Amino acid sequence: MNIQNILEIKNLHVSVKDTSIINGLNLLIKKGEIHAIMGKNGSGKSTLAKVIAGHPNYKVTKGNIFLCRDDITHEEAEKRSHKGIFLGFQYPVEIPGVSNIDFLRLAYNSKQKENHQKELDPLLFFNLINEKIKKIDMDTSFLNRNLNEGFSGGEKKKNEILQMSLLNSKLSILDEIDSGLDIDALRNIANNINNLMNSDKSILIITHYQRLLDYIKPNYVHVMNKGKIVYTGNKEVATEIEKHGYDYIK
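Quick caveat: nothing in here was measured; it's all calculated off a predicted structure. (Residues numbered from 1 in each chain as written. Predicted model: local features only at pLDDT ≥ 70, side-chain atom pairs only at ≥ 80, totals over all residues. Heavy atoms only, no water.)

Participant: What's the story with the sheet that holds strand 1 (residues 5-16) in this structure? I'm lost.
Facilitator: Within a sheet, each strand pairs with its neighbour through backbone hydrogen bonds, oriented either parallel or antiparallel. Taken in spatial order, the four strands of this open sheet run 2-1-4-5, and their pairing is antiparallel. The strands lining the two open edges of the sheet, one partner per strand, are strand 2 (19-30) and strand 5 (70-71). Across nine bridges, the pairing between strand 1 and strand 2 is antiparallel. Across the sheet, residue S15 finds its bridge partner in strand 2, namely S20. Sheet strands in contact with helix 1 (residues 45-53) are strand 1, strand 2 and strand 4 (59-67), and its direction is about 115 degrees off that of strand 1. (Pairing = 2+ DSSP bridges. Helix = DSSP H or I, 4+ residues; strand = E, 2+ residues; numbered from the N terminus. Contact = heavy atoms within 4.5 Å. Axes fitted to C-alpha atoms, helices over the stretch in contact; angles between N-to-C directions.)

Next up, the structure:
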């Protein structure tokens, strides 16, 4: 397997409660690439995101998932996160009683400890998170609020991007990060994602709409149907789907 490969999925089959959801899916993402996955509702897009991240409700019945040549097919979600997978949720949950900054520091130090790197005390972490939050133009008051509680849709998504920046993961999976955003919030989120991208990382975007891909330019657009990738092309695929619907693929 090429050392440049961040993610490689081979002949993946996944079921939930004995119902087959993913059916022989193959995908290769290299360092520095942005990939987008599109498809109708029920095609398996969000399932794929959760399976890569290690959601326990989904059972891999066949095939393999590799992260940087390491077979993670049956590893727990926490292990995958520590090894470099980040999943940005479509609907980030609100957690009353847990401050945003405490959650972020725990997540950061957990990853640092697992990778035998220095953990940060509250003061040093505060300095680090302040640098991160300024770069995404987010008000520091959000650090002391309960995690996502009372946040608007745009604020929740921006908080996901803050986590993405802090954890500095090899592969960031963004599951409909554009959902529920107005055009200004969408542009802001997209700019922040672009600023976090570099040649050592990769991003997998799951979206219904071409408009996000006007701001984040993918190297490849994949179309899913019935649990498989049925077509792969460049950004123009998304434009044609916007115009003609998924019949364009046929």
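Participant: I tried to follow a nonpolar patch on the surface on my own but got confused; where do I start?
Facilitator: Taken together, V230, Y231 and Y248 make up a surface patch of nonpolar side chains, about 250 Å² in accessible area. Relative to the helices and strands, Y248 is located in the segment after helix 7 (236-244). You can call Y248 partly exposed: its relative accessible area is 34%. (Patch = residues over 30% accessible without salt bridge, like charges linked within 9 Å, V, L, I, M, F, W, Y side chains within 5 Å. Areas by Shrake-Rupley, 256 points an atom, 1.4 Å probe, with all protein chains shown as cover. Salt bridge = Lys/Arg side-chain N within 4 Å of Asp/Glu carboxyl O. Buried < 20%, exposed > 50% of the residue type's maximum accessible area, 1.4 Å probe, protein only.)

Participant: Looking at this model, I keep getting lost on the packing of helix 3 (residues 100-114) against helix 5 (residues 153-167). Mind explaining?
Facilitator: Between two packed helices, both the angle of their axes relative to each other and the distance between the axes serve to describe the pair. It is at 10 Å that the axes of helix 3 and helix 5 come closest, and there the two elements cross at 30 degrees. Classified by the angle their axes make, helix 3 and helix 5 are roughly parallel. The two elements helix 3 and helix 5 cross, and the hand of that crossing is right-handed. Contacts between helix 3 and helix 5 involve N100, F103, L104, A107, Y108 and K111 from the first element and N159, L162, Q163, L166 and L167 from the second. For the contact of helix 3 with helix 5, the residue count by class is seven nonpolar, three polar and one charged. (Parallel < 35°, antiparallel > 145°, perpendicular 65-115°, else oblique. Left-handed = near helix turned anticlockwise from the far one by under 90°. Nonpolar A, V, L, I, M, F, W, Y, C, P; charged D, E, K, R; others polar.)

Participant: Can you walk me through the sheet that holds strand 10 (residues 202-206) in this structure?
Facilitator: Read from one edge to the other, the open sheet built from six strands follows the order 6-9-10-3-11-12, with strand pairing classed as mixed. The strands lining the two open edges of the sheet, one partner per strand, are strand 6 (85-88) and strand 12 (228-233). When the angles between neighbouring strand axes are averaged without regard to direction, this sheet yields 20 degrees. Here five bridges tie strand 9 (residues 171-175) to strand 10, and the two strands are oriented parallel to one another. For L171, the partnering residue across the bridge sits in strand 10 and is S202. Those strands touched by helix 5 are strand 6, strand 9 and strand 10, and its axis lies near 175 degrees from that of strand 6. Contacts from helix 7 reach strand 3 (34-39), strand 11 (220-225) and strand 12 within the one sheet, and its direction differs from that of strand 11 by about 50 degrees.

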